[in-house]
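Chains, contacts and geometry: an overview
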Amino acid sequence: EAQVTQNPRYLITVTGKKLTVTCSQNMNHEYMSWYRQDPGLGLRQIYYSMNVEVTDKGDVPEGYKVSRKEKRNFPLILESPSPNQTSLYFCASSLLLTGGEQYFGPGTRLTVT
Amino acid sequence: GNSVTQMEGPVTLSEEAFLTINCTYTATGYPSLFWYVQYPGEGLQLLLKATKADDKGSNKGFEATYRKETTSFHLEKGSVQVSDSAVYFCALVSGAGSYQLTFGKGTKLSVIP
């Protein structure tokens, strides 16, 4: 089954404790992206990657890091989480040819206390 | 820059009612337009798309027509069902080789029996 998976689905952590949210896709997509969803703000892009070892900032990259060492994986790293990073996070992927047709993961709800 | 404005919700309709969710956009170049749907507790799914002016996207009884003259892409369905209850997002990508989706803030639809 074609899918984007994220782990964990739910995470409660404390300020400053490094964490990683994993994202993996099995569709051989070149493009992968991370979004955060906040009430009243919709979805905002954090980082994206157009292929292995190629990443770039989205609209709200501060406080986040990413890496793309393999085509299928695109982890999101929060080196020192803060309460304003409490949010619902989505990973998405697509072929470069059909950039707007993105497949989304199920989401990770992160709470930073 | 690019932006998407969609009608604020929530929208509550009775089953079999007609649905319209308005969406207008501002974009450079010739954008492709999308509607995504997010069912409770899930990630976003592509509902329909249109890639050029006057195109009509359709899926699952939903339709939207790309109107360049009014920069609009309104979502319609003739007869909604309880199972259509979800959050609907209008989105665009603009320009050749562009992959960054710009989303509206979402419209929550509740359909009551």
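Structure first, text after, so check above.
Not measured: the values here are computed from a predicted model.

With that settled, consider the sheet that holds strand 8 (residues 62–65) of chain B. For sheets, the rule is that strands pair by backbone hydrogen bonds, running either parallel or antiparallel. Residue and element names in this part refer to chain B. The strand order across the open sheet built from four strands is 3-9-8-7, with neighbouring strands paired in antiparallel fashion. Every interior strand has two partners, whereas the edge strands, strand 3 (19–21) and strand 7 (56–59), have only one. Mean inter-strand twist for the sheet, computed between neighbouring axes without regard to direction, equals 15°. As paired strands, strand 3 and strand 9 (residues 75–77) are joined by three bridges and run antiparallel to one another. Counted as the bridge partner of Ile 21 is Leu 75 from strand 9.

As for its placement among the helices and strands, Ser94(B) is situated in the loop between strand 10 (86–93) and strand 11 (102–103). In contact with Ser94(B), not counting residues within four places along its chain, are Asn2(B), Ala27(B), Thr28(B), Gly29(B) and Pro31(B).

Moving on to the packing of aromatic side chains. Residue and element names in this part refer to chain A. What the rule picks out here adds up to twelve aromatic pairs over all chains. When the ring of Tyr 64 is compared with that of Tyr 89, the centres are 5.9 Å apart and the planes differ by 65°; the resulting orientation is edge-to-face. In this pair, Tyr 64 sits in the loop between strand 6 (54–57) and strand 7 (65–66) while Tyr 89 sits in strand 9 (residues 87–94), placing the two residues 25 residues apart along the sequence. The same class applies to Tyr 64 and to Tyr 89, which are both buried.

Another point: the state of the cysteines. Residues and elements named next belong to chain B. Scanning the entire structure with this criterion turns up two disulfides over all chains. Here Cys 23 is linked by a disulfide to Cys 90, with a sulfur-sulfur distance of 1.9 Å. Classification of the bridge connecting Cys 23 and Cys 90 rests on its S-S torsion, roughly -70°, and on that basis the disulfide is left-handed. With Cys 23 in strand 4 (residues 23–26) and Cys 90 in strand 10, this pair connects stretches of sequence that are 67 residues apart. What makes Cys 23 buried here is its relative accessible area of 0%.

Let's shift gears to the layout of surface pockets. Sizing a probe to match a water molecule and rolling it over the atoms shows the empty space that remains. Of the volumes computed, that of the largest pocket is approximately 950 Å³. For the lining of the largest pocket, the elements supplying multiple residues, two or more each, are strand 4 (31–38), strand 5 (42–51) and strand 9 of chain A together with strand 1 (3–6), strand 10, strand 11 and strand 12 (107–112) of chain B. Considering only residue class, the lining of the largest pocket consists of 16 nonpolar, 20 polar and nine charged. Lining the second largest pocket are 16 residues; nearest its centre among them are Ala2(A), Gln3(A), Val4(A), Tyr103(A) and Phe104(A). Residue assignment for the lining of the second largest pocket shows that the elements contributing at least two residues are strand 10 (103–104) of chain A together with strand 6 (44–50) of chain B. Among the elements that make up the lining of the second largest pocket, the one with the highest residue count is strand 6 of chain B (three residues). When the residues that make up the lining of the second largest pocket are grouped by side-chain class, the tally is eight nonpolar, five polar and three charged.

Within this structure, the stated rule accounts for seven salt bridges over all chains. Residue Asp38(A) pairs with Arg44(A) through a salt bridge whose shortest N-O separation is 2.8 Å. In this structure, the salt-bridge partner of Asp84(B) is Lys77(B), at a minimum N-O distance of 2.7 Å. Both residues of the pair, Asp84(B) and Lys77(B), count as buried. Within this structure, Arg36(A), Asp38(A) and Arg44(A) form a network of salt bridges that share partners.

Definitions and limits used
Residues numbered from 1 in each chain as written. Chains lettered and ligands numbered in written order. Predicted model: local features only at pLDDT ≥ 70, side-chain atom pairs only at ≥ 80, totals over all residues. Heavy atoms only, no water. Pairing = 2+ DSSP bridges. Helix = DSSP H or I, 4+ residues; strand = E, 2+ residues; numbered from the N terminus. Axes fitted to C-alpha atoms, helices over the stretch in contact; angles between N-to-C directions. Contact = heavy atoms within 4.5 Å. Phe/Tyr/Trp six-rings, centres within 6.5 Å; stacked < 30°, edge-to-face > 60°. Buried < 20%, exposed > 50% of the residue type's maximum accessible area, 1.4 Å probe, protein only. Disulfide = S-S within 2.5 Å. 1 Å grid on protein atoms, 1.4 Å probe; cavity = no way out; pocket = protein on both sides within 12 Å on 5 of 7 lines; lining within 4 Å. Points joined across faces, edges and corners; volume = space filled by probe spheres on them. Nonpolar A, V, L, I, M, F, W, Y, C, P; charged D, E, K, R; others polar. Salt bridge = Lys/Arg side-chain N within 4 Å of Asp/Glu carboxyl O.

That's the geometry; what it means functionally is another story.
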